[in-house]
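Fold and contact review
Each chain is listed here by its residues.
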Amino acid sequence: MNAVSRLGARIISVVEGVGRYVGFLLRSLRGGLLPPYRVRILFKQMHFVGVESLLIVMVTGIFTGMVFAVQANIGFSRFGAESLIGAIVTLSLTRELAPVLTALMVNGRVGSAMAAELGTMRVTEQIDALDSMAVDAHQYLAAPRILAATLMVPALTMVFNVVGVIGCWYVAVKQLSVTPGAFQARIEWWVDPDDLLGGMIKSAVFGLILSSVGCYKGFTTSGGAEGVGRATTTAVVISGVLILTSDYFMTLILAPLSVG
Amino acid sequence: MKKVGIELEGLQKRFGAQEVLRGVSLEIPAGEVTVIIGRSGTGKSVLLKHVMGLMRPDAGIIRVSGQDITRLGDADLRRERFRFGMVFQNAALFDSMNVYDNVAFPLREHSKLSEPQICLRVEAMLASVGLKDAGKKQANELSGGMRKRVGVARAMVRGPEFLLYDEPTTGLDPIMTAQIDALIRDTQDANPGLTSLVISHDMAATFRIADKIAMLHEGRVILEGTAETFRETDDPRVRQFVEGRLEGPIQ
Ligand SMILES: Nc1ncnc2c1ncn2[C@@H]1O[C@H](COP(=O)(O)OP(=O)(O)OP(=O)(O)O)[C@@H](O)[C@H]1O
Ligand SMILES: [Mg+2]
């Protein structure tokens, strides 16, 4: 009985947490839609999320493209279809790998930083100070961060796509024996703009997830420096899990889009 | 009869099992300096946060100019806060900004002043807290006392109707303490419409600046009145606190 009621209490607290998170997200999004618009802060956050993530995204992108070319070659060379390497890697990148890997990399860098920064502002009463000055903290702090990540994660995913294909091209054309013409022709034949579009939609949702969870965890931090540490870790873990689970469901929803 | 600025009635607040406020009732007269004293941990800061609507009470009423703010929604509460300025106990400066931007922040958010006008106002405010040349310093490079003073400047800069100070002078040197106390008193005397609420540990300063004093003890107001009331009371708990003695009913 005790175990049952403890489980019940646990479930209730999770549901409550989800409810509070959704409330936070709606408040922040509404704050972003209403004036005053925080353009300066938005640009600063876009720089932080986008420009400062470029290097890690490019490095992961190029090596992902390269390793997938090597792996695909192992399969395709058995029936002499090496020329398909480019197409299959590009498909996997645009539809799946680029959105997910970009989001996970950015989550590690940006989601954690947002939780830590806002968490520190919470425990040092800076968020209370904003409130006390009649400034909506959701609008001032959360909205620009969420908007910046929702815009910049797709942009970074695009970069990942491009460098990934370049990495793949390097392995397929320079190291294996695929001709450049065949490499390109197969990609054009097999890959649609819809594949790209689906990946972009996914990555925008991932950006929304990782930033809103990071901000939410920051806003709800309590318990000093230790609390900030805890908020940071949980934000990254929760976002990571949400990115991968939502990916599955979005793939199901988006599938009809590119079958036809 | 004096006009009431802020009125607290039966204010209760608990954190988990800990009852912090157990029915605080207090009238804070408009146009005066009211000082709340009490031991560390009795809930003075918690009380101040209730007055600003930063915390919601479990029970009780907070009236600001007659309006109960515990029932207000977020938007109305935010409008209400236009009228307040608050000095946080640990200053709560924005550490991503420098001193100047911290003090200019409320003006940039809520006034139509041009940047040169803001500059004049901020410079004057910084000078009055003795930080004339510190504008360019980053908030996280300041000493504790400097942070306090920036906090005071930031709270005062818009000229609010209510100024709440949470231990504005704790941790300052004696000269600076006297200067901030004088600033609190002078600001009050220069603005008849202003209502100041100060939390303090410093009895000498309290007697210097207060029009009214209230002592918070174990979640209730145990004595309120003028400096005279506090000098003459026989309540042993108040006597012990005012005289700063080790032995007595408060342990
Ligand atoms: N957010 C909170 N969550 C849980 N407990 C809290 C919270 N804020 C304050 N408390 C508790 O309430 C009590 C009163 O705290 P408060 O900060 O008001 O004390 P204080 O009178 O301002 O003391 P000091 O003079 O040292 O600043 C303390 O025991 C504190 O632990
Ligand atoms: Mg305090």
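Residues numbered from 1 in each chain as written. Chains lettered and ligands numbered in written order. Predicted model: local features only at pLDDT ≥ 70, side-chain atom pairs only at ≥ 80, totals over all residues. Heavy atoms only, no water.

Remarks on the coordination of the magnesium ion (ligand 2)
All names here are of chain B. Only S45 (OG) and Q89 (OE1) from the protein reach the magnesium ion (ligand 2) as donors, at distances of 1.9 to 2.1 Å. One end of the pair, S45, is in helix α1 (residues 44-51); the other, Q89, is in the loop between β6 (84-87) and α3 (99-110), and 44 residues separate them in sequence. The class of Q89 is partly exposed, set by a relative accessible area of 28%. (Donors = N, O, S within 2.8 Å, 3.2 Å for Na, K, Ca; no water. Helix = DSSP H or I, 4+ residues; strand = E, 2+ residues; numbered from the N terminus. Buried < 20%, exposed > 50% of the residue type's maximum accessible area, 1.4 Å probe, protein only.)

As for the interface of chain B and chain A
Listed by partner, the interface residues are 21 residues for chain B and 16 residues for chain A. Summing both partners gives a buried area of about 1,600 Å² for chain B against chain A, and 56% of it is carried by carbon and sulfur. At the boundary of chain B with chain A, the tally comes to 4 salt bridges. When the shortest N-O distance is used, the salt bridge between R38(A) and E109(B) registers 2.6 Å. Applying the counting criterion to the chain B and chain A interface returns 7 residue pairs in polar contact (both at pLDDT 80 or more). Residue assignment for the side of chain B that touches chain A shows that the elements contributing at least two residues are α2 (74-81), β6 and α3 of chain B. (Contact = heavy atoms within 4.5 Å. Buried area = accessible area lost by both parts, 1.4 Å probe. Salt bridge = Lys/Arg side-chain N within 4 Å of Asp/Glu carboxyl O. Polar contact = N/O pair within 3.5 Å; in protein donor to acceptor, adjacent residues only side chain to side chain.)

Some words on the site of ligand 1
Residue and element names in this part refer to chain B. Every one of the 14 residues lining ligand 1 counts as a neighbour, but Q18, S40, G41, K44 and S45 are closest to it. Between ligand 1 and the protein, one listed contact pairs an oxygen atom with a side-chain N or O atom of K44 at 2.7 Å. The contact in question runs from an oxygen atom of ligand 1 to an N or O atom on the side chain of E167, over 2.9 Å. In isolation ligand 1 has 630 Å² of accessible area, and contact with the protein removes 64% of it. Elements supplying a minimum of two residues to the shell around ligand 1: β2 (18-29) and α1. When residues of the shell around ligand 1 are assigned to their parent elements, the largest contribution, 3 residues, is made by α1. (Near = heavy atom within 4 Å. Areas by Shrake-Rupley, 256 points an atom, 1.4 Å probe, with all protein chains shown as cover.)

Considering the environment of F207(B)
Summarising the element assignment, F207(B) is placed in helix α7 (residues 203-209). Aside from chain neighbours lying at most four places away, what touches F207(B) is I213(B), A227(B), F230(B), R231(B) and V242(B).

Let's talk about the pattern of salt bridges
A complete count under the given rule lists 29 salt bridges over all chains for this structure. Between R78(B) and D136(A) there is a salt bridge; the shortest N-O distance is 3.8 Å. Of the two residues, R78(B) is situated in helix α2 and D136(A) in the loop between α5 (126-132) and α6 (137-175); the pairing between them involves two chains. Ionic contacts of the salt-bridge type, sharing partners, join the residues R27(A), D136(A), R56(B), D74(B) and R78(B) into one network.

What to know about the nonpolar core
The biggest cluster of nonpolar side chains holds 94 residues, and the ones touching the most others in it are L141(A) and L8(B). In terms of residues, this core owes the most to one element, α6(A), which gives 15 residues. Per-domain counts for this core show at least three residues from each of domain 1 (1-83 + 161-251) and domain 2 (94-159) of chain B. Beyond its immediate stretch of four places on either side in the chain, L8(B) contacts V24(B), S25(B), L26(B), L47(B), V51(B), I61(B) and I62(B). Among the nonpolar cores identified, the runner-up in size contains 49 residues, and L93(B), V198(B), A210(B) and A227(B) belong to it. (Core = buried A, V, L, I, M, F, W, Y, C linked by side-chain atoms within 4.5 Å. Domains from an automatic or database assignment.)

Considerations on the pairing of strand β4 (residues 59-64) of chain B
Residue and element names in this part refer to chain B. Examined bridge by bridge, strand β1 (residues 4-15) and β4 share 5 bridges and lie antiparallel to one another. Its bridge partner lying in β4, E7 is registered against R63. Strand direction decides the pairing type here: β4 and strand β5 (residues 67-68), joined by 2 bridges, are antiparallel. Note that in β5 the partner of V64 across the bridge is Q67. Hairpin connection of β4 to β5: 2 residues between the antiparallel strands, including S65 at a positive phi of 45 degrees. (Pairing = 2+ DSSP bridges.)

Concerning the domain arrangement of chain B
Residue and element names in this part refer to chain B. On domain assignment, one finds that chain B holds domain 1 (1-83 + 161-251) and domain 2 (94-159). The gap between the C-alpha centroids of domain 1 and domain 2 is 25 Å. In this complex, domain 1 contributes 16 residues to the contact, which on the side of domain 2 involves 12 residues. Both faces considered, domain 1 and domain 2 share a buried interface measuring about 1,100 Å² in area, 69% of it formed by carbon and sulfur atoms. Looking at the side of domain 1 facing domain 2, the largest losses of area belong to F82, L163 and L183, adding up to 40% of the total buried there. Inspection of the domain 1/domain 2 interface yields 0 salt bridges. Here domain 1 and domain 2 share 3 residue pairs in polar contact (both at pLDDT 80 or more) between them. Among the elements of the structure, β7 (162-166) and α6 (174-190) are those that each provide at least two residues to the side of domain 1 that touches domain 2.

Describing the packing of helix α1 (residues 2-33) of chain A against α6(A)
Residue and element names in this part refer to chain A. The geometry of α1 relative to α6 is characterised by a closest axis approach of 8 Å and an angle of 90 degrees between their N-to-C directions. Taken together, the axis directions place α1 and α6 in an arrangement best described as roughly perpendicular. Contact residues: α1 offers F24, L25, R27, S28, L29, G31 and G32, while α6 offers H138, Q139, A142, A143 and I146. Residue composition of the contact of α1 with α6, by class: 6 nonpolar, 5 polar and 1 charged. (Axes fitted to C-alpha atoms, helices over the stretch in contact; angles between N-to-C directions. Parallel < 35°, antiparallel > 145°, perpendicular 65-115°, else oblique. Nonpolar A, V, L, I, M, F, W, Y, C, P; charged D, E, K, R; others polar.)

Quick notes on the sheet that holds β2(B)
All names here are of chain B. Taken in spatial order, the 4 strands of this open sheet run β2-β1-β4-β5, and their pairing is antiparallel. A strand with exactly one partner marks an edge of an open sheet, and here the two such strands are β2 and β5. Sheet contacts for α1: β1, β2 and β4; angle to β1, the most-contacted strand, approximately 120 degrees.

Considerations on a nonpolar patch on the surface
All names here are of chain A. A cluster of nonpolar side chains, V14, V18, V22, L26 and L29, forms an exposed patch at the surface whose accessible area comes to about 400 Å². Secondary-structure assignment places V22 in helix α1. In this structure V22 comes out as partly exposed when scored by relative accessible area, which is 37%. (Patch = residues over 30% accessible without salt bridge, like charges linked within 9 Å, V, L, I, M, F, W, Y side chains within 5 Å.)

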